[in-house]
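# A look at the structure
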Amino acid sequence: MLQLRPFEGLGHANHGWLDAHHHFSFAEYHDPARMHWGNLRVWNDDLIAAGAGFPPHPHRDMEIITYVREGAITHQDSLGNKGRTEAGDVQVMSAGSGIVHSEYNLEKVDTRIFQIWIVPENVGDAPSWGTRPFPKGERGEGFVTLASGREGDKDSLRIRTDARLVAATLRAGESAEYRLDEGRRGYLVPAKGRIEVNGLQAKARDGVAIEQETLLKVTALEDSEIVLVDVA
């Protein structure tokens, strides 16, 4: 079963420096029907203006994945970590028992990110942060695992929960398949382009909530970049 969540119907908050769209309830946007999807809690589609960003603020007990779509984001935290994550790359912060961090767009152009929060399996663990480049031109064919807490996913950033983040870059007419284990859910968003997944069409920044499906066939109707989370 697939449910289309059009971009136009997402929660929206424009703070000037931050133009945010929320796939699930977040901050002042509240929809009882969209509190989570399995252990996926937040999927924010954020545009951060050049030279702006999030000042230091705390988090705890959440796995926070940032997928940079355009531009770059610069991270600094209370553990002493510093890093810059560019378009196509991913950073993961396991907030654990508590961490304070800032996220700034220090570039001369706007930055666009997906920020994805997934509920961890345990609470109170030591916090951590990491980033890794995943050049789009070197991802190979089909879906590539970028972050995962599932067994066997060794060549990806680690998260502390039963979930997997994958992405695919497809040219118009190309297809990719992804298998979901029984009982699992997926949430898919085209970062750009237009696609068809199991007969359902979705355009850039739409959400597709997936359940009771075992095989996903994604076909690009135009050059597309697809991000998918596989969750418990």
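Residues numbered from 1 in each chain as written. Predicted model: local features only at pLDDT ≥ 70, side-chain atom pairs only at ≥ 80, totals over all residues. Heavy atoms only, no water.

## A word on the overall build of the chain
Using the following cut-off: For helices the rule is a DSSP run of H or I covering at least 4 residues; for strands it is a run of E covering at least 2, with both sets numbered from the N terminus onward. All radius of gyration figures rest on C-alpha atoms, and the globule criterion is 2.2 Å times the number of residues raised to 0.38. Each residue is placed in one exposure class: buried if its accessible area under a 1.4 Å probe, protein chains only, is under 20% of its type's maximum, exposed if it is over 50%, and partly exposed if it falls in between. Only heavy atoms matter for contacts: two residues are in contact if any of them lie within 4.5 Å across the pair. Here the open area of atoms and residues is found with the Shrake-Rupley method and a 1.4 Å probe, where only the protein chains shown may cover a residue. Here the positive residues are Lys and Arg and the negative ones are Asp and Glu; neither His nor the chain ends is included. Charge positions are represented by NZ for Lys, CZ for Arg, CG for Asp and CD for Glu.
Secondary structure summary: the chain contains zero helices and 22 strands in total. Radius of gyration (C-alpha) of the chain: 17 Å, near the 17 Å computed for a compact globule of 232 residues. Dimensions of the chain, computed from C-alpha atoms along their principal axes, come out at roughly 45 × 40 × 40 Å. Out of the 232 residues belonging to the chain, those deemed buried represent 53%. Restricting to contacts in the chain with at least 6 residues of sequence separation, those with at least 24 account for 71%. About 10,400 Å² of surface is accessible on the chain, with carbon and sulfur atoms providing 48% of the total. Both charge centroids of the chain, one from 26 positive and one from 35 negative side chains, sit 1 Å from each other.

## A short note on the UniProt feature "domain: Pirin N-terminal" (unreviewed entry) in the chain
Heads up, the rule is: UniProt positions are given in the numbering used here, feature names are shortened, and annotations may be inferred rather than shown by experiment.
Taking the numbering used here, the UniProt-annotated feature "domain: Pirin N-terminal" (unreviewed entry) corresponds to residues 12–118. A helix fraction of 0% and a strand fraction of 58% characterise residues 12–118, whose end C-alpha atoms lie 20 Å from each other.

## Side note on the UniProt feature "domain: Quercetin 2,3-dioxygenase C-terminal cupin" (unreviewed entry) in the chain
When the UniProt feature table is mapped to this numbering, "domain: Quercetin 2,3-dioxygenase C-terminal cupin" (unreviewed entry) covers residues 147–231. Within the segment residues 147–231, helix and strand shares are 0% and 61% respectively, and the terminal C-alpha atoms sit 12 Å apart.

## Quick notes on the environment of Gln212
Here Gln212 shows up in the loop between β20 (207–211) and β21 (215–220). C-alpha separation for the pair Gln212 and Ser148, spaced 64 residues apart in sequence, amounts to 21 Å.

## So, the sheet that holds strand β1 (residues 2–5)
Defined as follows: Strand pairing requires that DSSP identify at least two bridges connecting the strands.
Spatially, the seven strands line up as an open sheet ordered β1-β20-β17-β22-β15-β13-β14, and their pairing is mixed. Looking at which strands have only one partner, the edges of the open sheet turn out to be β1 and β14 (157–158). Strand direction decides the pairing type here: strand β17 (residues 185–192) and β20, joined by four bridges, are antiparallel. The residue of β20 that forms the bridge with Leu188 is Val208.

## Quick look at the packing of aromatic side chains
The test is simple: Two aromatic rings, drawn from Phe, Tyr or Trp (for Trp, its six-membered ring), form a pair once their centres lie within 6.5 Å of each other, and the interplanar angle then sorts them: stacked below 30 degrees, edge-to-face above 60, tilted otherwise. Only when the NZ of Lys or the CZ of Arg is both within 6 Å of the ring centre and within 35 degrees of the ring normal is a charge said to sit over the ring.
In total, this model carries seven aromatic pairs according to the counting rule given. For the ring pair Trp43 and Tyr187, a centre distance of 5.5 Å and an interplane angle of 50° mean the geometry is tilted. Of this pair, Trp43 sits in strand β4 (residues 40–48) while Tyr187 sits in strand β17; the two residues are 144 residues apart in sequence, bridging distant segments of the chain. By relative accessible area, which is 0% here, Trp43 ends up buried. Here the aromatic cluster, defined as three or more aromatic residues joined through ring pairs, consists of Phe24, Trp43, Tyr67, Phe114 and Tyr187. The side chain of Arg5 reaches across the aromatic face of Trp37, ending 5.4 Å from its centre. The aromatic ring of Trp37 is capped on one face by Arg185, whose charged end is 4.4 Å from the ring centroid.

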